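Reading the structure
For reference, the chains in residue letters:
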Amino acid sequence: GAGVSQTPSNKVTEKGKYVELRCDPISGHTALYWYRQSLGQGPEFLIYFQGTGAADDSGLPNDRFFAVRPEGSVSTLKIQRTERGDSAVYLCASSLIDGRPDNEQFFGPGTRLTVL
Amino acid sequence: GEDVEQSLFLSVREGDSSVINCTYTDSSSTYLYWYKQEPGAGLQLLTYIFSNMDMKQDQRLTVLLNKKDKHLSLRIADTQTGDSAIYFCAESRGPESGGSYIPTFGRGTSLIVHP
């Protein structure tokens, strides 16, 4: 596709449920990033993949959050036992090689997660 | 306190210049960025500056960096209604400073341009 796509665009779930959020990066981009943006805040880093492996997962808030990228393209962010505080827009971005500014990160439109 | 701070709102008249300010705390920051977020659209990198530079100009955009005061500004000349958006300041460290170029964002400044 032309840009980064994320599905679903909106997800409403109940407290305690499990959710999966999907990111399709730009074809050929080896780097993929997940961020979380709460209302009125800037994006907050969660995890960064280089190819299939997590190069930096220091932003994952706790062990309820997990992400995979098994074939080095599509990535799935998984949240177990969701809590109301997990409600946010989850953003995905990809870049050609790595995080250097001359390898611009292209952001998707986000998935708005609401935990009731 | 927050690593990157910005004022939350700025209102300007169409045709005037806008100046959005940001302060950051990390003296090891390698890159400083400005991103734009419009409703319903993804976050977009506008420009960035390397920490050993003090100014960068790109068409209507001018970035000024005062490294001593850890102050970054974005000036938009001849502001148009299409410039109305949220502008995020961000900073990152490179591997030489123990980072991986992952940006840390401020809370964003909502720029409102009125006729």
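Above this note sits the structure.
Residues numbered from 1 in each chain as written. Chains lettered and ligands numbered in written order. Predicted model: local features only at pLDDT ≥ 70, side-chain atom pairs only at ≥ 80, totals over all residues. Heavy atoms only, no water.

Some thoughts on the overall build of chain B
A tally of regular secondary structure across chain B gives zero helices and eleven strands. Scanning chain B from its N terminus toward the C terminus, one meets helices and strands in the order β-β-β-β-β-β-β-β-β-β-β. Computed over its C-alpha atoms, the radius of gyration of chain B comes to 14 Å, within 12% of the 13 Å expected for a compact globule of 115 residues. Taken along the three principal axes of its C-alpha coordinates, chain B extends 45 × 30 × 25 Å. Expressed as a percentage of its 115 residues, the buried residues of chain B come to 43%. Counted over contacts in chain B with a minimum sequence separation of 6, partners at least 24 positions apart contribute 56%. (Helix = DSSP H or I, 4+ residues; strand = E, 2+ residues; numbered from the N terminus. Rg over C-alpha atoms; globule rule 2.2 N^0.38 Å. Buried < 20%, exposed > 50% of the residue type's maximum accessible area, 1.4 Å probe, protein only. Contact = heavy atoms within 4.5 Å.)

Observations concerning the overall build of chain A
Scanning chain A from N- to C-terminus turns up zero helices and eleven strands. Order of helices (α) and strands (β) in chain A, N terminus to C terminus: β-β-β-β-β-β-β-β-β-β-β. Taking 13 Å as the expected radius of gyration for a compact globule of 116 residues, we find that chain A reaches 13 Å, a close match to that expectation. Overall size of chain A, expressed as C-alpha extent along the three principal axes, is 40 × 25 × 25 Å.

Comments concerning the state of the cysteines
Residue and element names in this part refer to chain A. Enumeration over the complete set of coordinates arrives at two disulfides over all chains. Between Cys23 and Cys92 runs a disulfide, and the two sulfur atoms are separated by 1.9 Å. On the S-S bond that ties Cys23 to Cys92, the torsion sits near -70 degrees, and the link is left-handed. Highlighted residues: Cys23 in strand 3 (residues 19-24) and Cys92 in strand 9 (residues 88-95), separated in sequence by 69 residues. We classify Cys23 as buried; its relative accessible area is 0%. (Disulfide = S-S within 2.5 Å.)

Some words on the sheet that holds strand 3 of chain A
The strands making up a sheet are joined through hydrogen bonds of the backbone, oriented either antiparallel or parallel. All names here are of chain A. Here we have four strands laid out as an open sheet, ordered 1-3-8-7, and antiparallel in their pairing. Each edge of the sheet is formed by a strand with only one pairing partner; in this case those strands are strand 1 (5-7) and strand 7 (65-68). On average, each strand axis in the sheet is inclined to that of its neighbour by 15 degrees, with strand direction left out of account. Note that strand 1 and strand 3 share three bridges and pair antiparallel. Bridged to Thr7 within strand 3 is Arg22. (Pairing = 2+ DSSP bridges. Axes fitted to C-alpha atoms, helices over the stretch in contact; angles between N-to-C directions.)

Section: the interface of chain B and chain A
Facing the 16 residues of chain B at the interface are 18 residues of chain A. Carbon and sulfur atoms make up 61% of the area that chain B and chain A hide from each other, which totals about 1,500 Å². Looking at the side of chain B facing chain A, the largest losses of area belong to Leu43, Tyr101 and Ile102 of chain B, adding up to 32% of the total buried there. For the pair chain B and chain A, the interface holds zero salt bridges. For the pair chain B and chain A, the number of links is four residue pairs in polar contact (both at pLDDT 80 or more). Listed by contribution, the elements that provide at least two residues to the side of chain B that touches chain A are strand 4 (31-37) and strand 5 (44-50) of chain B. Counting residues per element, the side of chain B that touches chain A draws most heavily on strand 4 of chain B, which supplies four residues. (Buried area = accessible area lost by both parts, 1.4 Å probe. Salt bridge = Lys/Arg side-chain N within 4 Å of Asp/Glu carboxyl O. Polar contact = N/O pair within 3.5 Å; in protein donor to acceptor, adjacent residues only side chain to side chain.)

What about the environment of Val19 of chain A?
Residue and element names in this part refer to chain A. Tracing the backbone shows Val19 in strand 3. For the pair Val19 and Ile79, spaced 60 residues apart in sequence, the C-alpha separation works out to 5.4 Å. Apart from residues no more than four positions distant in its own chain, Val19 is found in contact with Lys11, Thr13, Leu77, Lys78, Ile79, Thr82 and Leu113.

Structural notes on the pattern of salt bridges
Residue and element names in this part refer to chain A. If you walk through the whole model with that rule in mind, you get eight salt bridges over all chains. Asp24 is the salt-bridge partner of Arg22, the closest N and O atoms lying 2.8 Å from each other. The structure contains a network of salt bridges with shared partners spanning Arg64, Glu83 and Asp86.

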